[in-house]
Amino acid sequence: MKSLMRIICTLTTIAVMVSCSASSDDASLSRTIVGTWRYQSPRFTATTTYSDDNTFSGHVVPAECAAVDVRGTWHVQNGRMVSVVTSSSLPQAIAVGCT
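The paragraphs below set out a description of the structure included in this document. The structure displayed is predicted, hence computed values, not measured ones. (Residues numbered from 1 in each chain as written. Predicted model: local features only at pLDDT ≥ 70, side-chain atom pairs only at ≥ 80, totals over all residues. Heavy atoms only, no water.)

## Here's the deal with the pairing of strand 3 (residues 55–62)
At step 1: Burial of strand 3 is one-sided: the residues Phe 56, Gly 58, Val 60 and Pro 62 facing one way are buried, the residues Thr 55, Ser 57, His 59 and Val 61 facing the other way are not.
At step 2: Pairing of strand 2 (residues 44–50) with strand 3, which is carried by seven bridges, proceeds in the antiparallel orientation. In the strand pairing of strand 3, Thr 48 is matched with Gly 58.
At step 3: Taken together, strand 2 and the strand that follows it, strand 3, pair antiparallel across an intervening segment of four residues, in which Asn 54 is found at a positive phi of about 65°.
At step 4: Where strand 3 meets strand 4 (residues 68–77), six bridges bridge the pair, whose relative direction is antiparallel. (Buried < 20%, exposed > 50% of the residue type's maximum accessible area, 1.4 Å probe, protein only. Helix = DSSP H or I, 4+ residues; strand = E, 2+ residues; numbered from the N terminus. Pairing = 2+ DSSP bridges.)

In structure tokens:
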């Protein structure tokens, strides 16, 4: 279950790293993050869509357990992405309120 938390954190980190190379301004970073991000590895596939209304939805398919769908809110503050899970199809793995 902890591996699912790492997956979501990894996706968020990737999005922030890519966006940080584009600009240091929060509004510019936000515009860069908007879109669908996909990550695939032998352990899992994850797709997360960040919308311009500061919401996100994600779908993670791990190799070892059930898929998880999450939804939440996000924003950029001081050059860092802040996200909060507001719903999860498997709260034992990714809890509501997770940041």
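## Digging into the environment of Thr 99
At step 1: Here Thr 99 is to be found in the segment after strand 5 (80–88).
At step 2: Judged by its relative accessible area of 64%, Thr 99 is exposed.
At step 3: Thr 99 sits 16 residues away from Ser 83 along the chain, and the two C-alpha atoms are 5.4 Å apart.

## Description of the sheet that holds strand 4
At step 1: The strand order across the open sheet built from five strands is 1-2-3-4-5, with neighbouring strands paired in antiparallel fashion. For this open sheet the edge positions go to strand 1 (35–40) and strand 5, each flanked by a neighbour on one side alone. The mean angle between the axes of side-by-side strands here comes to 25°, regardless of whether they run parallel or antiparallel.
At step 2: Sheet strands in contact with helix 2 (residues 26–33) are strand 1, strand 2, strand 4 and strand 5, and its direction is about 155° off that of strand 4. (Axes fitted to C-alpha atoms, helices over the stretch in contact; angles between N-to-C directions. Contact = heavy atoms within 4.5 Å.)

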